[in-house]
Amino acid sequence: MSKKNTNTQVTAFTLPSSDGSSTDTSKLLKKYLFHWPLFILGGALGILAAYFYIQRTNPTYPILATLEFKTPTSSDGTVVNKSGSEQQLDPINKPIIVENEIEVMQSKKLMYQVVNDLELWASYTEKKSGKNVELYKNSPIKFKFIKADGSIDGQGEKLSILIKDQKSFTLIDQDNGDKNYKFSSAIKSDFGTWTLLPTANINSYIGAKINIKVQDPDLVSDSYQTRVKVELENKDAPFVNLSTSDEIPARGKDILNSLMALYQKDAILDKGKEAQNTLNFINSRLDSINKGLSIAEINIEQYKSSQGMTDIFSQAQGFRDIKQANTKAQNDVVIQLKIIEELDKWANSPQNDEKLPATSAYLQDPSLMSLYDKLTTLQLERQQLLATTPETNPLFDPINKQIASLRDAFKEKIRSIKASLIATQGQMNKFDNGIQTSLKKIPDQDRKYNSMKREQESKERIYTFLLEKKEQVALRYASSISDSEVVDDAHAGKAKWPKPAIIYPLALILGMAGAIGLIYTRETLNERIMHRKQIEDVVSVPVIGELSYQESSTPIVVTEGRGKFAIGEQFRVLRTNLFHLHDNNDSGRVTLFTSSISGEGKSFVSSNLAVTLAYAKRKTIILEMDLRKPKISGVFNLSPEHPGISDYLSEKTLDLSKLIQPSGMTGLDVLGCGPILPNPSELLEKDTLDKLINELKKSYDDILIDSPPIHLVTDALIIARVVDASLYMIRQGFTHKEELDFINEIDESKRLPKYSLVFNGIKKENFSYSYGYSYGYGNSYGNSYYNSYADKTKESIGDKIKGFLKRF
């Protein structure tokens, strides 16, 4: 019969644990704490390695020095109270940009010179107490190149010598044999011709073996350059810190001191070069400007001469004064002309014979004034005479004749003066026009003159400025000093490495991390399923239960009532979950037990679950339907020769009462395999199997079928048509992870009804850290069966050692 393939979700029994992230953390912690001896071993090995590292490592010392820059600067190079021209033509006191100077101090050029000056490309070591000790200034010898051919490779050239006495040594050569040489003698090799010179320490090293390493100065300078740090401590304060580290404090101090000295020396030389270049530039400019200045002065002189100029400003003022005087004189002439014209009108008017003209203070001609005075006197006399004498009286004749004569003379004089004033006025107007013309020429002359004068003064100012700067630069060039000063000479601090306070804890951490890595790697490389999460991460089939492992001498580990074995309780939970899996059906339930491969515990689980069902007063029968390798009869100590399923399916015996055997437990029967036939698959496909199951359903509440592994043969899939639910076994530490894909394929094909999983055989030493219980796991029936909480027996020393070693 065919059953609908539905997976009913049930609550699976798992070994006690709590949910949530805290549970995951707890599981992870327990997993690693189980291997605590491995952590102790890793930590101990780390500390031991740290001890040997500290003993064999030469200490490294920090070397520090400080420079101060005297010229106050800012980070952008500006200097207070310095004009642009002064900055440009003052190479000695130009502003210092500290960031630029830091780059100079860190340059390859300076470090290369330091390496050559201190001969750092050659190192000397002696082996003492298993360590190579650098001799540096204590070396008994000094390597000197007579002629280098530049063929030193990146690894350097290594030489070993044995000092025989003060005058000779042995060059150790394993390829060509040892050779004896005298000090100062020339030795030719692949990398050049060289010699060794003895030092003052030679007597202390008689019989000693000295190792010499000759390296390319370029590579050595690169190495030291990366180790030297130059930093500006504070941008508001011109102090620069130089630092490096070295195994030999004296060498580190020499490097920094030499670097600072070379920097200061180069800075002064650079200043000298810049000052000399500036002086050369100033001299060339002075020559050029001097020629231009001479030409400008000659042009001014020629212009003045051509224009008849002495001082254009004074000359212009004189013209203006003359014009003003001429204008005043012209005004006077105009006034005189007006007076003369009035007098002329008076004199020529017949009505004015007896009248006197008005006197004028502006009459400037003395003769005219004399005539006027005389005429006035006569007129007064005549008027006085008229007062007493009639006008017809002869007394008036002489007076009238005199007045007439004077009047004629007065008229003539007026005409003469008028003509003279008119002539004078014409001359003044002409003179005024000449003055006006001269004044009009002055602005143009002034403009041209000012242009030439401006050019001459500009050249003169530049010339004067350059002369002053020439003297300043010359004086500073003669007395120039460095812009920096050594505040602190190079000094060594306490050894910064190795530091036991750091190395030992770090080694302990690394040792434990190595233990964690080993556990993780071991677990990652393990291709077998070790815990439930590995199942749930891959497959969607529910895990209906988990069964632990316990060493046992019998295959049936479930006891009636409250037993002392925890696995008995686990089987009872599985019994309850099976009840829900069958939708609470009370009788005629058919359950199939299968697995991927042999040895995953399907026979063990089916037989013990059958016993558990029998203890629950459920009439149960277990079918030994693994017709190839039957095991159920052996579990219940029944004869494998008894007729069974194969007889029924082959229709040799159809009387079930003759085939069914009591298990020895109340409520539990066994239908054995019977004789093993060569065609089990064909027998299972017969309708006789359906008839068998239907007959058994009439008499039993639960029918449990122990089938062959489904990944090896198809028997279980054939049997699936008559079952109500299927339990698939997965055994911890035995089932391969790749079987999970096969389990998914079975689930997707829907060929097993109510498909569920049982995770069994969980061993304490394999995964006690992942779940709350302590588990065990066996390998086969007989002595190793799935159980938990067995009677505590006294462990032997061998068992204790074995258990302890399992924690590694």
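Counting from 1, residues in each chain are numbered in the order their sequence is written. Selection of residues for local features in this predicted model requires a pLDDT of at least 70, selection of side-chain atom pairs for listing and counting requires 80 or more, and totals for whole chains, interfaces and linings are taken over all residues. The side-chain quantities take in all heavy atoms of the structure and omit both hydrogens and water.

S.K.: Looking at this structure, how should I read the overall build of the protein?
M.R.: Per the convention used, a helix needs a DSSP run of H or I reaching at least four residues, while a strand needs a run of E reaching at least two, with both numbered from the N terminus. Tallying secondary structure elements over the protein gives 23 helices and 23 strands in all. Only protein chains enter the calculation, and the probe is 1.4 Å; a residue is then buried if its accessible area is under 20% of its type maximum, exposed if over 50%, and partly exposed in between. Going through the 808 residues of the protein one by one, you find that 43% of them count as buried. Accessible surface computed for the protein: about 42,700 Å², of which carbon and sulfur atoms make up 52%. The protein chains shown are the only cover counted for residues, whose accessible areas, like all others here, come from Shrake-Rupley with a 1.4 Å probe.

S.K.: Would you mind showing me how to read helix α2 (residues 36-56) here?
M.R.: What sets the pattern is the α-helix's 3.6 residues per turn: residues three or four places apart point alike. What a helix should span is 1.5 Å times the count of its residues minus one. Counted at 1.5 Å a residue, the expected span for α2 with its 21 residues is 30 Å, and the 30 Å between its end C-alpha atoms agrees. Among the residues of α2, those classed as buried are Pro37, Leu38, Phe39, Gly42, Gly43, Gly46, Ala50 and Ile54.

S.K.: Looking at this structure, how should I read helix α13 (residues 566-581)?
M.R.: Here α13 spans 23 Å end to end across 16 residues, near enough to the 22 Å set by a 1.5 Å rise per residue. All buried positions along α13 are accounted for by Ala566, Ile567, Gly568, Gln570, Phe571, Arg572, Leu574, Asn577, Leu578 and Leu581. In what follows, a contact means two residues having at least one pair of non-hydrogen atoms within 4.5 Å. On its buried side, α13 packs onto β14 (543-548), β16 (589-595), α14 (602-615), β21 (725-731) and β22 (755-762). Where α13 terminates, the next one or two residues include aspartate 583, which has phi positive at roughly 60 degrees.

S.K.: Just checking my understanding: could you explain the sheet that holds strand β13 (residues 484-492) for this structure?
M.R.: Hydrogen bonds between backbone groups are what pair the strands of a sheet, and the pairing can be parallel or antiparallel. Read from one edge of the open sheet, four strands run β11-β12-β1-β13, paired in antiparallel fashion. Two strands close off the open sheet at either side, each with one partner strand: β11 (229-234) and β13. Averaged over all pairs of adjacent strands, the angle between strand axes in this sheet comes to 20 degrees, irrespective of strand direction. Running at roughly 170 degrees to β13, helix α7 (residues 249-307) makes contact with β1 (61-69), β12 (237-246) and β13 of the sheet. Strands were regarded as paired on the criterion that DSSP finds at least two bridges between them. Note on geometry: axes are C-alpha line fits, over the in-contact stretch for helices, and angles between N-to-C directions span 0 to 180 degrees.

S.K.: I keep staring at unusual backbone geometry and nothing clicks. Help me out?
M.R.: A negative phi angle is the norm for most residues apart from glycine, just as the trans form is the norm for most peptide bonds. A cis amide bond links tryptophan 497 with the next residue in sequence, proline 498, at an omega value of 0 degrees. Mapping proline 498 onto the fold places it in the loop between β13 and α11 (500-525). In the Ramachandran plot, lysine 750 falls in the positive-phi region, its phi being about 55 degrees despite a non-glycine side chain. Considering the arrangement of structural elements, one finds lysine 750 in the loop between α21 (739-749) and β22. The phi dihedral of lysine 754 is positive, around 45 degrees, even though this residue is not glycine.

S.K.: What should I look at first to understand the pairing of strand β2 (residues 122-128) in this one?
M.R.: A regular strand carries its side chains on alternate faces of the sheet. β2 sits mainly inside the fold: five of its seven residues count as buried. Bridge count for β2 against strand β10 (residues 209-214) is four bridges, and the pairing is antiparallel. Residue pairing for β10: alanine 122 is matched across the bridge by valine 214. By the bridge criterion, four bridges tie β2 to strand β3 (residues 131-134) in an arrangement that is antiparallel. When the sheet's bridge partners are listed, lysine 127 is paired in β3 with asparagine 132. Counted along the chain from β2 to the antiparallel partner β3, the turn is two residues long, and its residue serine 129 has a positive phi close to 55 degrees.

S.K.: Sorry if this is basic, but what is going on with the pairing of β12 here?
M.R.: Bridge analysis of β1 against β12 gives eight bridges, and the strand direction is antiparallel. Within β12, the position partnered with tyrosine 61 by the bridge is aspartate 246. By the bridge criterion, five bridges tie β11 to β12 in an arrangement that is antiparallel. Within the sheet, the bridge partner assigned to leucine 232 lies in β12 and is valine 240. Between the antiparallel neighbours β11 and β12 lie two residues.

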